[in-house]
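The primary structure of each chain is shown beneath.
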Amino acid sequence: DVKVTQSSRYLVKRTGEKVFLECVQDMDHENMFWYRQDPGLGLRLIYFSYDVKMKEKGDIPEGYSVSREKKERFSLILESASTNQTSMYLCASSLRTVSYGYTFGSGTRLTVV
Amino acid sequence: EDQVTQSPEALRLQEGESSSLNCSYTVSGLRGLFWYRQDPGKGPEFLFTLYSAGEEKEKERLKATLTKKESFLHITAPKPEDSATYLCAVQEGGSYIPTFGRGTSLIVHP
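Residues numbered from 1 in each chain as written. Chains lettered and ligands numbered in written order. Predicted model: local features only at pLDDT ≥ 70, side-chain atom pairs only at ≥ 80, totals over all residues. Heavy atoms only, no water.

1. What to know about the environment of B:E15
Next, step 1: Secondary-structure assignment places B:E15 in the loop between β2 (10–14) and β3 (19–25).
Next, step 2: Along the sequence, B:E15 and B:G41 sit 26 residues apart, while their C-alpha atoms lie 23 Å from each other. (Helix = DSSP H or I, 4+ residues; strand = E, 2+ residues; numbered from the N terminus.)

2. So, the nonpolar core
All names here are of chain B.
Next, step 1: Of all hydrophobic cores here, the largest spans 23 residues; its most connected members are L33, W35, L73 and Y86.
Next, step 2: Looking at this core element by element, the count peaks at 4 residues for strand β9 (residues 84–92).
Next, step 3: In contact with L33, not counting residues within four places along its chain, are C23, Y25, F48, T49, L50, L66, S71, C88, A89 and V90. (Core = buried A, V, L, I, M, F, W, Y, C linked by side-chain atoms within 4.5 Å. Buried < 20%, exposed > 50% of the residue type's maximum accessible area, 1.4 Å probe, protein only. Contact = heavy atoms within 4.5 Å.)

3. Thoughts on the interface of chain A and chain B
Frequently, the measure chosen for interface size is the accessible area that the parts lose on association.
Next, step 1: Taken together, the contact pairs 20 residues of chain A with 18 residues of chain B.
Next, step 2: Across the chain A to chain B interface the summed buried area is about 1600 Å²; carbon plus sulfur atoms make up 58%.
Next, step 3: For the pair chain A and chain B, the number of links is 5 residue pairs in polar contact (both at pLDDT 80 or more).
Next, step 4: Elements with a contribution of two residues or more to the side of chain A that touches chain B: β5 (31–38), β6 (42–49) and β10 (87–94) of chain A.
Next, step 5: Considering only residue class, the side of chain A that touches chain B consists of 12 nonpolar, 7 polar and 1 charged. (Buried area = accessible area lost by both parts, 1.4 Å probe. Polar contact = N/O pair within 3.5 Å; in protein donor to acceptor, adjacent residues only side chain to side chain. Nonpolar A, V, L, I, M, F, W, Y, C, P; charged D, E, K, R; others polar.)

4. So, the pairing of strand β6 (residues 56–59) of chain B
All names here are of chain B.
Next, step 1: When β6 meets strand β7 (residues 62–66), the two strands line up antiparallel, connected through 4 bridges. Bridged to E56 within β7 is T65.
Next, step 2: Here β6 folds back onto β7, and the loop between the two strands holds 2 residues, one of which, E60, carries a positive phi near 55 degrees. (Pairing = 2+ DSSP bridges.)

5. Quick notes on the pattern of salt bridges
Next, step 1: Inspection of every chain in the model, using the stated rule, returns 11 salt bridges over all chains.
Next, step 2: Here A:R36 makes a salt bridge to A:D38, at a shortest N to O gap of 2.8 Å.
Next, step 3: Classification of A:R36 as buried rests on a relative accessible area of 8%.
Next, step 4: The exposure class of A:D38 is buried, given its relative accessible area of 12%.
Next, step 5: One salt bridge in this structure joins B:R61 and B:D82, with 2.8 Å as the shortest N-O distance. (Salt bridge = Lys/Arg side-chain N within 4 Å of Asp/Glu carboxyl O.)

6. Concerning the packing of aromatic side chains
All names here are of chain B.
Next, step 1: Using the criterion set out here, one finds 13 aromatic pairs over all chains in the structure.
Next, step 2: Geometrically, the ring pair formed by Y36 and F46 is edge-to-face, given 5.8 Å between the ring centres and 70 degrees between the ring planes. Here the residue Y36 occupies a position in strand β4 (residues 30–38), and F46 occupies one in strand β5 (residues 45–50), the gap between them amounting to 10 residues.
Next, step 3: With relative accessibility at 31%, the residue F46 sits in the partly exposed group. (Phe/Tyr/Trp six-rings, centres within 6.5 Å; stacked < 30°, edge-to-face > 60°.)

7. Thoughts on the side chain of A:S49
Residues and elements named next belong to chain A.
Next, step 1: As for its placement among the helices and strands, S49 is situated in strand β6.
Next, step 2: At 2.6 Å, the side chain of S49 forms a polar contact with the backbone oxygen of M54.
Next, step 3: Contacts of S49, omitting those with residues within four sequence positions, involve E30, N31, M32, M54, K55, R68 and F74.

8. A look at the state of the cysteines
Residue and element names in this part refer to chain A.
Next, step 1: Tallied over the entire structure, the rule returns 2 disulfides over all chains.
Next, step 2: Between the sulfur atoms of C23 and its disulfide partner C91 the distance amounts to 1.9 Å. On the sign convention where negative means left-handed, the S-S torsion of about -75 degrees between C23 and C91 marks this disulfide as left-handed. Linking C23 in strand β4 (residues 23–25) with C91 in strand β10, this pair joins segments that are 68 residues apart in sequence. C91 shares its class with C23; the two are buried. (Disulfide = S-S within 2.5 Å.)

9. Concerning unusual backbone geometry
Next, step 1: The amide bond that connects B:S7 to the next residue, B:P8, takes the cis arrangement and shows omega of -10 degrees.
Next, step 2: As for its placement among the helices and strands, B:P8 is situated in the loop between β1 (4–7) and β2.
Next, step 3: In this structure, A:D28 is a non-glycine residue whose phi angle is positive, near 60 degrees.
Next, step 4: For A:D28, the location among the structural elements is in the loop between β4 and β5.

By themselves these figures say nothing about function.
Okay, here's the thing in structure tokens:
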């Protein structure tokens, strides 16, 4: 089974801090994704990547950046954390772009105080 | 207008009481419809992919069906361990990214 591992289950950061969320997948998937999930708003796509060093903006990229230096690792960066970025962050990967389900990580619950 | 609408938002069942969850969509040229299960505080877990009207997939007490405008997730004789949020996602022709619905929260009482 594919595993998608997110480095932290819970994080508490201060406003203005630079925050790194790490995600690693172990099955050579080309595609990786970062979502945030908030009550009543569902899953919203932040960024995605189809290949190493490649990134595409999703629906809500403002305040975030990403890095994909190796195929198995996709990092989400909050340049200057704000309280409205308090959320559940979910990383996912998929083997193919089209018509293929995602494998999600367990999520990182980020609280910005 | 949402492209993917799930109903009901929440559903409470007694153990053994079969029911169905609905996912309706308005995209054109469906490339795939996906069902996921999400337990509290965890990431979604992939269940099924459906590609064309008339297709059905089954897993234990779950059966997913697809028409041209909607999908149903039928739960037969549910158990308390089936309690979770069930998410539907739809991938439209020409798009690489699926659109997720907001989910149905299912609680099964013993």
